[in-house]
Amino acid sequence: MDYVLTANSLYKSYGSFKALCGLNMRVPKGAIYGLIGKNGAGKTTLIRLICGLQNPSLGCYTLYGIGSNSSKIVKARRRMGAVVETPSIYLDMSAEENLKEQYRVLGLPSFEGISELLELVGLENTGKKKAKNFSLGMRQRLGIAIALCGNPDFLVLDEPVNGLDPQGIVEIRELILRLNREKNITVLISSHILSELSKLATHYGFIDGGRMIKELSAEELDAACRKCMRIEVTKAPALARVLDGMGVEYKILSETEADVFAKLNVTALANALAAEGCELVSVTERDESLESYYINLVGGN
Ligand code: ATP
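Calculation criteria
Residues numbered from 1 in each chain as written. Predicted model: local features only at pLDDT ≥ 70, side-chain atom pairs only at ≥ 80, totals over all residues. Heavy atoms only, no water. Domains from an automatic or database assignment. Contact = heavy atoms within 4.5 Å. Buried area = accessible area lost by both parts, 1.4 Å probe. Salt bridge = Lys/Arg side-chain N within 4 Å of Asp/Glu carboxyl O. Polar contact = N/O pair within 3.5 Å; in protein donor to acceptor, adjacent residues only side chain to side chain. Helix = DSSP H or I, 4+ residues; strand = E, 2+ residues; numbered from the N terminus. Nonpolar A, V, L, I, M, F, W, Y, C, P; charged D, E, K, R; others polar. Near = heavy atom within 4 Å. Areas by Shrake-Rupley, 256 points an atom, 1.4 Å probe, with all protein chains shown as cover.

Visitor: Any chance you could explain the domain arrangement of the chain here in plain terms?
Guide: A common way to report how large an interface is uses the accessible area buried once the components associate. On domain assignment, one finds that the chain holds domain 1 (3-223) and domain 2 (226-298). Its C-alpha centre places domain 1 at a distance of 41 Å from the equivalent point of domain 2. Across the contact, 15 residues belong to domain 1 and seven residues belong to domain 2. Together, Leu194, Phe206 and Leu221 form the three largest contributors to the area buried by domain 1 at its contact with domain 2, with a combined 38%. Linking domain 1 with domain 2 are zero salt bridges. The tally of links between domain 1 and domain 2 comes to one residue pair in polar contact (both at pLDDT 80 or more). At the level of secondary structure, the elements contributing two or more residues to the side of domain 1 that touches domain 2 comprise α7 (194-197), β9 (203-208), β10 (211-217) and α8 (218-224). Grouping the amino acids of the side of domain 1 that touches domain 2 by side-chain chemistry returns seven nonpolar, four polar and four charged.

Structure (structure tokens):
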């Protein structure tokens, strides 16, 4: 498999404090890689290192196969765009002026592509409006557009939906999906909200205490935390008989409850239970298993 980014036993110390402790990581080409960890886990530190804003204390990383100790890393980093912490935008400039400024910084020969970029992030109709009058979501999208100047094929976003309202969150999510699917951009997103990342990530890295605790694909995560239906009845033994008859996998939780790992026709279930002299009280789909998986991995809190 081709990896856009790998981290090999990466350490970063601040005095005697180790923010990264031998971290390993592999971001496959074409992935939307969700980097998950609670506050202080080391996500931003890792992102600052790969963006070249700080140097590792020990260990190394590769970008497109180029090692961080190589002189070619600067060139490899040009294929990457990033929004780290808050987007770096000029508040007294319009969206278009901000992009022109970034083109100048990158030394691009013309302003070609700016209107397409504005359209891509949904800011094509903002005209002369200054960024200081933008909503937080618009600023975040402008930050992403700035990161996309220079046509990178790897985009790194540090907590991109932090502080956004539900509409802003959906807009950023759709933008990331579009960039990945239509422009083939590999994306690394950090977040402490697993449920948000689970709507778009194809791969996950769980980080805690500066270490990578687990890396897995979305399919592997789905298999590890299967969705289930929690069924409440008046008599669990009757429910067990009915479920056995249906040939589905289940787990009895109490005298009145069971989790079923299959999709059931609720009417058929209620009828079968009635024939056993048992009432169906409630059926709830449970999907907090993602969060439980995460909490089990990082050990609570
Ligand atoms: P958050 O979700 O809160 O942003 P994070 O996972 O991004 O958390 P980091 O910002 O990488 O975490 O911080 C990891 C640890 O390193 C924290 O304990 C933090 O206090 C510490 N740290 C980060 N930068 C510095 C610094 N410049 N000097 C000292 N300690 C630092």
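The discussion continues.
Visitor: Explain the site of the ligand to me, please; I cannot follow it from the model alone.
Guide: As a structural note, the neighbourhood of the ligand is formed by Tyr14, Phe17, Ala19, Lys38, Asn39, Gly40, Ala41, Gly42, Lys43, Thr44, Thr45 and Glu159. Here Gly40 contributes a backbone N or O atom positioned 2.7 Å from an oxygen atom of the ligand. Gly42 is positioned with one of its backbone polar atoms (N or O) 2.9 Å from an oxygen atom of the ligand. Coverage of the ligand by the protein amounts to 59% of the 640 Å² it exposes when considered alone. Broken down by secondary-structure element, the contributors of at least two residues to the shell around the ligand are β2 (17-28) and α1 (43-50). Of all the elements, α1 adds the most residues to the shell around the ligand, at three residues. Along the lines of polarity and charge, the residues of the shell around the ligand split into four nonpolar, five polar and three charged.

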